[in-house]
Amino acid sequence: MKLSVVGLGYIGLPTAVMFANSGMNVHGVDVNPNVIDMIRSKRIHLHEPGMEKALKDAIDTGTFTVSMQPQEADAFIIAVPTPIGPGKTADLSQVVKAAEMLVPILKAGDLVVLESTVPPKTVESLLLPVLRQTNLVIGEQLFVCNSPERVLPGRLFHELKHNDRIVGGVTPLSAQKCAELYERIVQGTIHITDTITAEMVKLMENTYRDVNIALANELARVAEEVGFDIWEAIELANSHPRVHIHSPGPGVGGHCIAVDPWFIFEKAPKAARLIELSRITNDDVPHLVSNRIREMVRDIHKPVITLLGVAFKGDIDDIRESPSLVIINELRTNGYQLKIYDPYVKQDMAEKAPTLHEAVTGSDCIVLLTDHAIFKNIDFDQIGRLMRSRRIIDTRNMVDLNRLRLAGFLCQKIGTQIAHVAAHRDEGR
């Protein structure tokens, strides 16, 4: 059996490589020539533990090839991006283009699986009309399914293998054929359903998390006004066996949690009122953080601000929908001098510093935006000696405020009572 994977990004490439290393012949397709060139030279264009070795193994064994055009196969997985548009609606143009690329080579007996995250009824209303151009009978000659990815960046290979898989078919036979495909790499339970339910399951999973994070972010604002530590309160509340409140932070990022709820709202705006409010709540958090930064340095002439972390979560290089980008743009717009450090993110940024020491030298305020593990081990006694003013804002609950205060820092942490700048003017600048 031969498999073709269209879209070799954060999901498509690991999926293709895992199938190839299971012994299948896999052909990967991407319209970006730079991606194809990198893969052919056994280099990866994304950071994922184990990815480089897995790719090398797949290419060396001859089970994985790539090009910019699809080839005939027995099964096709579409794993292209589905970004959010300016009107908070899904841009499905790449799904359409991928399907159109397949039409000339599809034959009776083939399986087409849409893995891209999409609004409900996308298979029914958008994918099937394109695939009907083959003149094959859907569900009898051409089998079509939706099987959304459900993995966490940084743990892709483990979760592709061990997480349960949702398979939604346009017919029961379509779903069965899709399940047989994923049985080659999935050790978790494979759940069979229809396409609309499969599309919704992925959206519901991320919407649950978004609503929960919105609650945590709102409670953090309450904590700052009332005067308690939200981090301690959440830990204690979560000791109840039926409570699991997520963590607040600088905002919600990534292509999933920050985007998927809008796909539900797009289809049912009158019904999805809580979903919309949660999205608005979380989208507003980066602006609140930006305001707090400006307040923190308001008494300093031409302050220098160091931002630690651009990726939307720790120990990955993914900056899609990252709240750090919103904060960076707002501070730029307001004319602040910035220094940015993220050891994982390779994208060029004018203010990026190559090392942590260079990023903090001469700085007036450090802002912890991403929970990279490396930031938990920062020697702030040493760092403080490089700074012009010792101030820090922690948006991820990564530092011990009492220890930093002993080191002469003015400290603020999201979800704790705000220390006033006027009370701390002895930084020794």
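Fair warning: this is a prediction, and the values are worked out from it, not measured in the lab.

Visitor: How would you explain the pairing of strand E8 (residues 190–194) if you had to name every residue and give the values?
Guide: As paired elements, strand E7 (residues 165–169) and E8 share 5 bridges and run parallel to each other. Bridge pairing in E8 places Gly169 opposite Asp194. For the crossover that starts at E7, traverses helix H7 (residues 172–182) and ends in the parallel E8, the hand is right-handed.

Visitor: An account of the sheet that holds strand E4 (residues 75–78) is requested, with residue identities and associated values reported.
Guide: Read across the sheet, 8 strands follow the order E3-E2-E1-E4-E5-E6-E7-E8 without closing on themselves; strand pairing throughout is mixed. Either end of the sheet is taken by a strand with one partner, and the two such strands are strand E3 (64–67) and E8. Shown here is a sheet whose adjacent strand axes are inclined to one another by a mean of 25 degrees, direction ignored. Taken together, the 4 bridges between E4 and strand E5 (residues 111–114) define a ladder with parallel strand orientation. Paired with Ala75 across the two strands is Leu111, which belongs to E5. Contacts between helix H8 (residues 195–226) and the sheet are confined to strand E6 (143–146), E7 and E8, with E8 contributing the most and set at about 120 degrees to the helix.

Visitor: How would you sum up the packing of helix H10 (residues 260–267) against helix H11 (residues 273–296)? Please name residues and give values.
Guide: For the pair H10 and H11, the least separation of the axes is 9 Å and the interaxial angle reads 140 degrees. Here H10 runs over H11; the crossing is left-handed. Counting all contacts with H10, which are made through Pro261, Trp262, Ile264 and Phe265, the residues of H11 involved are Ile275, Glu276, Arg279 and Asp283. Of the residues in the contact of H10 with H11, the class split is 5 nonpolar, no polar and 3 charged.

Visitor: So what's going on with the pairing of E6? Which residues, and what values?
Guide: Side chains of E6 alternate between two faces, with Phe143 and Cys145 and Val144 and Asn146 buried alike. Relative to E6, E5 runs parallel, the two being bridged by 4 bridges. Residue pairing across strands places Val113 opposite Cys145, the latter belonging to E6. Between the parallel elements E5 and E6, the chain passes through helix H5 (residues 122–131) in a crossover that is right-handed.

Visitor: Tell me what's going on with the pattern of salt bridges, and back it up with residues and numbers.
Guide: The final tally for this structure, using the stated rule, is 20 salt bridges. The salt bridge involving Lys53 is made with Asp57; its shortest N-O contact spans 2.8 Å. Taken as a pair, Lys53 and Asp57 lie in helix H3 (residues 51–60) at a separation of 4 residues, close to a single helical turn. Residue classification places Lys53 among the exposed positions, given a relative accessible area of 58%. Residue Asp364 is joined to Arg388 by a salt bridge in which the shortest nitrogen-to-oxygen separation is 2.5 Å. Taken together, the residues span a long stretch of sequence, with Asp364 in the loop between helix H13 (356–360) and strand E11 (365–368) and Arg388 in the loop between helix H14 (380–386) and strand E12 (391–394) at a distance of 24 residues.

Visitor: For H10, give the residues involved together with the corresponding values.
Guide: Within H10, 6 of the 8 residues are buried, leaving the element largely enclosed by the surrounding structure. Three or more residues of H10 are buried, namely Asp260, Pro261, Trp262, Phe263, Ile264 and Phe265. Each element contacted by the buried residues of H10 is listed here: H8 and H11.

Visitor: Describe the side chain of Thr63, naming the residues involved and giving the relevant values.
Guide: If you trace the backbone, Thr63 turns up in the loop between H3 and E3. Thr63 sits in the buried class, given a relative accessible area of 13%. Within polar-contact distance, the side chain of Thr63 engages the side chain of Thr61 at 3.1 Å. Other than its neighbours up to four places away in sequence, Thr63 contacts Ala20, Met24, Asn25, Val26 and Ala58.

Visitor: Go over unusual backbone geometry with me, naming the residues and quoting the values.
Guide: For Lys121, which is not glycine, the phi dihedral falls at a positive 80 degrees. Here Asn397, not a glycine, exhibits a phi torsion of approximately 60 degrees, which is positive. Inspection of the secondary structure puts Asn397 in the loop between E12 and helix H15 (401–406).

Criteria and cut-off values
Residues numbered from 1 in each chain as written. Predicted model: local features only at pLDDT ≥ 70, side-chain atom pairs only at ≥ 80, totals over all residues. Heavy atoms only, no water. Pairing = 2+ DSSP bridges. Helix = DSSP H or I, 4+ residues; strand = E, 2+ residues; numbered from the N terminus. Right-handed = clockwise from strand over helix to strand, strands pointing away. Axes fitted to C-alpha atoms, helices over the stretch in contact; angles between N-to-C directions. Contact = heavy atoms within 4.5 Å. Left-handed = near helix turned anticlockwise from the far one by under 90°. Nonpolar A, V, L, I, M, F, W, Y, C, P; charged D, E, K, R; others polar. Buried < 20%, exposed > 50% of the residue type's maximum accessible area, 1.4 Å probe, protein only. Salt bridge = Lys/Arg side-chain N within 4 Å of Asp/Glu carboxyl O. Polar contact = N/O pair within 3.5 Å; in protein donor to acceptor, adjacent residues only side chain to side chain.

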